[in-house]
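# Observations on chain architecture
Next come the chains, spelled out residue by residue.
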Amino acid sequence: MLNVSERLGEPILDSMHFLNEIVERYPQAISFAPGRPSADLFVVDESLELLRKHAPTILGKPGLATDKALNEIAQYGRTNGIIHHHVARQLLQDEGLTIDPEHLVITNGCQEAMFILLLTLFTPSRDVLVATEPVYQGITAAAKLLGIQTVPICLRADGPDLDELSMAIQALRREGKVPRALYTIPDFDNPSGNTTSLQTRQRLCALARRENMLIFEDSPYRMLRYEGAPPPLLKAIDPEQVVLLGSYSKTLFPGLRIGYLSGDVEVSLSGRVVPLSEVASKAKSLSSINTSPLMQATLAAQLIEKGHRLGAHVAVLADHYRGRRDALLAAMERHFRFPRDSSGVHWNRPEGGFFVTVHVPFEFSMQTMRECAATVDVITVPLSLFAFATAHDRAMRLSFSAVPYDDIDEGVRRLSSFVTSFAARSGSRLGIPA
Ligand SMILES: Cc1ncc(COP(=O)(O)O)c(C=O)c1O
């Protein structure tokens, strides 16, 4: 019998399997588990029509016949993508961010961008990835598969704990290791929902510069803001130190599989200073040759149609998700009537994105998740699934993006009754309902 790589034995891979199994076993349950965008908001038909309409313009050849343009699009294309000019224009219009299009790398979703960064910037025995915890396992599991060490620092309500970050950097240096980059999601983090404050953004960028460490800024939820003004991107604060990772999965639809990385930071290759995009291109060509040009063109057609501004489109999505967030928070207030200070039950109020963290006074494990699904037909995800050093075992992630609006109140009511009875059985005192 052939042995597979030991790296595939990582516990996180089993946890994901377990989670999928529970979701499949209780199809009738009200599920706050999947962090998916709502399919009601996808614009697939329209996008395919726009592809035909704008095919010549996508290529920058407005006079070309549509069939010729489509055939040209369908050919093997430039490794770093064919729609870099369109993405750069959108970033300029929606974010005020100037990135040289030649340095953008269009990837198969943001997930491939992560792999490319890990492959190109890390020597596994020496270079370490620091990541905020609880963490999006897409990055830590990818690092594990590549044999790259990861070190957690705590993500607080206002962003990464910078004292912990400084200490982690010094400790790694003492061991002869190189803290190469910090991975973080400053806007509406997955899983916590937390957003990094302006002050922490500025201090984080200053620290990264002092320590000569890159920051990987993952931004898939950034445009889904439901209140308040957005703080600047880390990339806008320090363009030279930050690699921006972007995705159209949440703003258009995930089946596009289009993301990007900003490859404009300078790196050293055999003693030569080159833009990251140049080395990323080597990894990209081996990982997937290029990102499906048909899907790239489908996205570009939407960008052209919308004048390279997603603001108006995203405002519609934001209305939809804001309604669900507000319904979830109102249901929490209505049904989780335990004293906030003494019960150990509390939750945050995300300003955008898809996720709320709920803390409870007992361990909410995978087993508890199964019991919750079996007894009250509600599925939520233990926060411990997003842990890699600290336990995070008394909290869960509730996603409001894909749950039907009319199920939210009932789902929270049932969850509250489960929390009450589980707390009583486990000896936790929730106090008298307020
Ligand atoms: C924080 C974060 N980064 C990246 C991704 C993957 O995005 P993509 O669909 O662009 O690969 C996700 C998906 O849920 C995510 O939550």
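All of these numbers come straight from a predicted model, not from anything done at the bench.

Here the focus is the overall build of the protein chain. Along the backbone of the protein chain there are 14 helices and 16 strands. Taken over the C-alpha trace, the protein chain has a radius of gyration of 22 Å; the compact-globule value for 434 residues is 22 Å, and the two agree within 12%. Projecting the C-alpha coordinates of the protein chain onto the three principal axes gives extents of approximately 70 × 55 × 55 Å. Burial status across the protein chain gives 54% buried among its 434 residues.

Neighbouring the ligand are 15 residues; C110, D218, Y221, S247 and S249 lie closest to it. At 2.6 Å, a side-chain N or O of Y221 approaches an oxygen atom of the ligand. Here an oxygen atom of the ligand sits 3.2 Å away from a polar atom, N or O, in the side chain of K250. Against a free-state accessible area of 400 Å², the protein chains account for coverage of 91% of the ligand. Classifying every residue of the shell around the ligand by side-chain character gives 7 nonpolar, 5 polar and 3 charged.

Next up on the list: the pairing of strand 8 (residues 242-247). Burial within strand 8 is extensive, with 6 of its 6 residues counted as buried. Two strands pair when backbone bridges link them, and strand 7 (residues 214-218) and strand 8 are joined in this way by 4 bridges, in the parallel orientation. Counted as the bridge partner of F216 is V243 from strand 8.

Moving on to the environment of H313. As for its placement among the helices and strands, H313 is situated in helix 12 (residues 311-335). Between the C-alpha atom of H313 and that of E95, which follows or precedes it by 218 residues, the distance is 15 Å. If we skip the residues at most four places from it in the chain, H313 touches V43, T251, L252 and K306. Side-chain polar atoms of H313 contact the backbone oxygen of T251, separated by 2.8 Å.

Within the largest apolar cluster, 88 residues are counted, with the highest numbers of intra-cluster contacts made by V87, Y248, F336 and V419. Ranked by residues supplied to this core, first place goes to helix 12 with 9 residues. When we break this core down by domain, the ones giving at least three residues each are domain 1 (6-41 + 312-425) and domain 2 (44-305). Contact partners of V419, with chain neighbours within four places excluded, come to F336, F338, V360, F362, M396 and L430. Judged by nonpolar contacts, the second largest core, of 31 residues, contains A113, M114, L214 and L276.

Another aspect to go through is helix 10 (residues 276-288). Across its 13 residues, helix 10 extends 18 Å between first and last C-alpha, which sits within 8% of the 18 Å expected from 1.5 Å per residue. Along helix 10, the residues that are buried comprise L276, S277, V279, A280, A283 and K284. Those residues of helix 10 that are buried lie in contact with strand 2 (104-108), helix 5 (109-121), strand 8, strand 9 (258-262), strand 10 (266-269) and strand 11 (272-275). After helix 10 finishes, the residue I289 shows a positive phi value of roughly 65°.

With that out of the way, let us pick up the environment of E10. Among the structural elements, E10 can be located in the segment before helix 1 (11-25). On the basis of relative accessible area, E10 is assigned to the partly exposed category, the value being 23%. As a C-alpha pair, E10 and K144 span 134 residues in sequence and 8.0 Å in three-dimensional space.

Moving on to the domain arrangement of the protein chain. Partitioning the protein chain into structural domains gives domain 1 (6-41 + 312-425) and domain 2 (44-305). Spacing between the C-alpha centres of domain 1 and domain 2 amounts to 27 Å. Tallying the contact residues gives 33 residues for domain 1 and 33 residues for domain 2. Carbon and sulfur atoms supply 62% of the area that domain 1 and domain 2 bury against each other, a total of about 2,900 Å² over both sides. Taken together, the links from domain 1 to domain 2 amount to 3 salt bridges. The partner of E227 in a salt bridge is R349, with the nearest N and O atoms 2.8 Å apart. Sorting the residues of the side of domain 1 that touches domain 2 by element identifies helix 12 and strand 13 (355-359) as the ones contributing at least two each. Take the side of domain 1 that touches domain 2: its biggest share by element is 7 residues, from helix 12. A per-class count over the side of domain 1 that touches domain 2 returns 18 nonpolar, 8 polar and 7 charged.

What follows deals with the packing of helix 2 (residues 44-58) against helix 11 (residues 293-305). Where helix 2 meets helix 11, the closest approach of the two axes is 7 Å, and the angle between their N-to-C directions is 85°. In terms of axis orientation, helix 2 runs roughly perpendicular to helix 11. For the pair formed by helix 2 and helix 11, the contact residues are E46, S47, L48, L50, L51, K53, H54, T57 and I58 on the first element and L294, A297, T298, A300, A301, Q302, I304 and E305 on the second. Looking at the contact of helix 2 with helix 11 residue by residue, the class counts come to 9 nonpolar, 5 polar and 3 charged.

The subject of this paragraph is helix 8 (residues 198-210). If you check helix 8, its first and last C-alpha atoms are 19 Å apart, about what 13 residues at 1.5 Å a residue would give, namely 18 Å. Here the buried face of helix 8 lies against strand 5 (159-160), helix 7 (162-174), strand 6 (178-184), strand 7, helix 9 (234-237) and strand 8. Residue N212 follows helix 8 closely and has a positive phi angle near 55°.

Definitions and cut-offs
- Residues numbered from 1 in each chain as written.
- Predicted model: local features only at pLDDT ≥ 70, side-chain atom pairs only at ≥ 80, totals over all residues.
- Heavy atoms only, no water.
- Helix = DSSP H or I, 4+ residues; strand = E, 2+ residues; numbered from the N terminus.
- Rg over C-alpha atoms; globule rule 2.2 N^0.38 Å.
- Buried < 20%, exposed > 50% of the residue type's maximum accessible area, 1.4 Å probe, protein only.
- Near = heavy atom within 4 Å.
- Polar contact = N/O pair within 3.5 Å; in protein donor to acceptor, adjacent residues only side chain to side chain.
- Areas by Shrake-Rupley, 256 points an atom, 1.4 Å probe, with all protein chains shown as cover.
- Nonpolar A, V, L, I, M, F, W, Y, C, P; charged D, E, K, R; others polar.
- Pairing = 2+ DSSP bridges.
- Contact = heavy atoms within 4.5 Å.
- Core = buried A, V, L, I, M, F, W, Y, C linked by side-chain atoms within 4.5 Å.
- Domains from an automatic or database assignment.
- Expected span 1.5 Å × (residues − 1).
- Buried area = accessible area lost by both parts, 1.4 Å probe.
- Salt bridge = Lys/Arg side-chain N within 4 Å of Asp/Glu carboxyl O.
- Axes fitted to C-alpha atoms, helices over the stretch in contact; angles between N-to-C directions.
- Parallel < 35°, antiparallel > 145°, perpendicular 65-115°, else oblique.

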